[in-house]
Number of protein chains: 2
Amino acid sequence: MFEDAIQQLIGQLSRLPGIGPKGAQRIAFHLLDAPPEDVAALVEAIATAKRTVHFCRVCFNLTEDEVCRYCRDQRRDRSQICVVEESKDVVAIERTREYQGLYHVLGGSISPIDNRGPGDLHIRELVQRLDDGAVTEIILATNPNTEGEVTATYLGRLLAPLGLIVSRLASGLPVGGDLEYADEITLGRAFAGRRAAGGQN
Amino acid sequence: MFEDAIQQLIGQLSRLPGIGPKGAQRIAFHLLDAPPEDVAALVEAIATAKRTVHFCRVCFNLTEDEVCRYCRDQRRDRSQICVVEESKDVVAIERTREYQGLYHVLGGSISPIDNRGPGDLHIRELVQRLDDGAVTEIILATNPNTEGEVTATYLGRLLAPLGLIVSRLASGLPVGGDLEYADEITLGRAFAGRRAAGGQN
């Protein structure tokens, strides 16, 4: 029904995550309508990111350099490694300003349903980073869902013999949330992880 | 927080319609993760559409040729012109298979709020198309919202002296909808436009 070039464009756009056929059509007509320099800027941003961004040689975070900014930064605590699934998790944790150590990006989680086992993640490289004994603490910050928990459990067992402090991020009620609306698993975790009131955190 | 190239990409993506900051971030990481040939296909589709698609010289529909497929098609009824706001409206009408005439794409609607008057639309070109007397009927198919109604009213008055049949698409209840959920304006229109029951449509 559309001209070939428009149909092609809609097809390509609807392959992007979170964009359905209607959204793809809307974006396609927006692009056809937009000033050429705006569209060139978008195309250039995609091409540049794709060309310059790759994985950090050490921690597999996304970076434009050979080694990412956190691995390079000598002010960061080199005795801690926080293990996450994806680069965007690094960004989320950095936003908290709570953590000053290093990172290790697994590149996903263990998920039998998606046919993804430990061998498909950057676990071997994590173990290699522990070789020189500089790291004394590992914080497992995989997602609080089934795959993330399985991955954390696997890593916990794998790292146990190495004599490191291995911890998992706390589960509990989200700050600002209503107890009434918490699901029973979260509320159960909040009970199990309860702390003495009135003291420090 | 992100690398410059990633931040640039997220910024560009979040300018697209219907894509918020979270969606832009999700698409950016998807693109960084996708096979290079997939990303190249997307970039190529955008560039090709932008390079090859332009307005039909006659009706301002989007086309890859000088004159669009409907204006070229000699089997179409050249006594009718259906006036729409955008190219995508042509596609919607073609999908109904109800209409065999020609089109005229205004390129928007009259909207004082957006500082868009009749002079910003392809109205002069529409009037020029009526010069040779071949067209005898104009169907105003602008959107059934305030701007579309204003545009249709304006065109109705402009075309009245030319002795053509000028009609407006019917307003009423959407087929398959529930009367209970119809807004009062739509329901009011459905009353005002009621037809004899039991006969043909």
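To keep things clear, this report deals only with the structure shown in the data block. (Residues numbered from 1 in each chain as written. Chains lettered and ligands numbered in written order. Predicted model: local features only at pLDDT ≥ 70, side-chain atom pairs only at ≥ 80, totals over all residues. Heavy atoms only, no water.)

1. Some details on the overall build of chain A
In terms of regular secondary structure, chain A is built from eight helices and six strands. Along chain A, helices and strands appear, N-terminal first, in the series α-α-α-β-β-α-β-α-β-α-β-α-β-α. The C-alpha atoms of chain A give 22 Å as radius of gyration, which overshoots the globular expectation for 201 residues (17 Å, by more than 25%). Each principal axis of the C-alpha atoms in chain A carries an extent, and together these give about 65 × 45 × 35 Å. The contacts of chain A with a sequence gap of at least 6 include a subset with a gap of at least 24, amounting to 45%. (Helix = DSSP H or I, 4+ residues; strand = E, 2+ residues; numbered from the N terminus. Rg over C-alpha atoms; globule rule 2.2 N^0.38 Å. Contact = heavy atoms within 4.5 Å.)

2. Topic: the relation of the copies chain A and chain B
Note that the two copies of the chain are related through a rotation about an axis and a translation along the same axis. In the superposition of chain A on chain B (RMSD 0.2 Å, axial shift 0.1 Å), the rotation amounts to 180°. Between the two chains, the operation in question is that of a two-fold axis. Of every C-alpha in chain A, the one belonging to A:Val43 sits nearest the axis of rotation, 3.0 Å from it. Of the residues that chain A buries at the interface, 98% are likewise interface residues in chain B, meaning the two copies contact each other through the same surface. (Least-squares fit on C-alpha atoms with pLDDT ≥ 70 in both.)

3. Describing the packing of helix H3 (residues 36-52) of chain A against helix H3 (residues 36-52) of chain B
Taken N-terminus to C-terminus, the directions of H3(A) and H3(B) make an angle of 170°; their axes are 11 Å apart at the nearest point. Here H3(A) lies roughly antiparallel to H3(B), going by the angle between them. Taking contact as the criterion, the partners of A:Pro36, A:Val39, A:Leu42, A:Val43, A:Ile46 and A:Lys50 in H3(A) are, on H3(B), B:Pro36, B:Val39, B:Leu42, B:Val43, B:Ile46 and B:Lys50. Of the residues assigned to the contact of H3(A) with H3(B), the class counts are 10 nonpolar, no polar and two charged. (Axes fitted to C-alpha atoms, helices over the stretch in contact; angles between N-to-C directions. Parallel < 35°, antiparallel > 145°, perpendicular 65-115°, else oblique. Nonpolar A, V, L, I, M, F, W, Y, C, P; charged D, E, K, R; others polar.)

4. Quick look at the sheet that holds strand E4 (residues 101-105) of chain B
Residues and elements named next belong to chain B. Across the sheet, four strands lie side by side as E4-E3-E5-E6; this open sheet has parallel pairing. Strands with a single pairing partner mark the edges of an open sheet, and in this sheet they are E4 and strand E6 (165-168). Strand after strand, the sheet turns through a mean of 25° between neighbouring axes, direction not considered. Contacts between helix H5 (residues 87-96) and the sheet are confined to strand E3 (77-84) and E4, with E4 contributing the most and set at about 155° to the helix. Here helix H7 (residues 146-159) sits on the sheet in contact with E3, strand E5 (137-140) and E6, set at roughly 170° to E6. (Pairing = 2+ DSSP bridges.)

5. Quick look at the sheet that holds strand E6 (residues 165-168) of chain A
Residue and element names in this part refer to chain A. Here we have four strands laid out as an open sheet, ordered E4-E3-E5-E6, and parallel in their pairing. Two strands close off the open sheet at either side, each with one partner strand: strand E4 (101-105) and E6. Neighbour-to-neighbour, the strand axes of the sheet open up by a mean angle of 25°, direction not taken into account. The strands touched by helix H5 (residues 87-96) are strand E3 (77-84) and E4; relative to E4, the strand with the most contacts, the crossing angle is about 155°.

6. Comments concerning the environment of B:Val84
Structurally, the position occupied by B:Val84 is in strand E3. The contacts of B:Val84, once residues within four sequence positions are left out, are B:Asp89, B:Val90, B:Ile93, B:His104, B:Val105, B:Leu106 and B:Ala141.

7. Some details on the interface of chain A and chain B
Taken together, the 48 residues of chain A in the interface contact 47 residues of chain B. Of the roughly 4,500 Å² buried at the junction of chain A and chain B (both faces included), carbon and sulfur atoms supply 69%. Counting across the chain A and chain B interface gives two salt bridges. Here B:Arg15 and A:Asp38 are joined by a salt bridge, their closest N and O atoms 3.4 Å apart. For the pair chain A and chain B, the interface holds 12 residue pairs in polar contact (both at pLDDT 80 or more). Of all the elements in the fold, those that place two or more residues in the side of chain A that touches chain B are helix H1 (4-13), helix H2 (21-33), H3, strand E2 (62-63), helix H4 (69-72) and H5 of chain A. Considering every element that reaches the side of chain A that touches chain B, the biggest residue donor is H3(A), with 12 residues. (Buried area = accessible area lost by both parts, 1.4 Å probe. Salt bridge = Lys/Arg side-chain N within 4 Å of Asp/Glu carboxyl O. Polar contact = N/O pair within 3.5 Å; in protein donor to acceptor, adjacent residues only side chain to side chain.)

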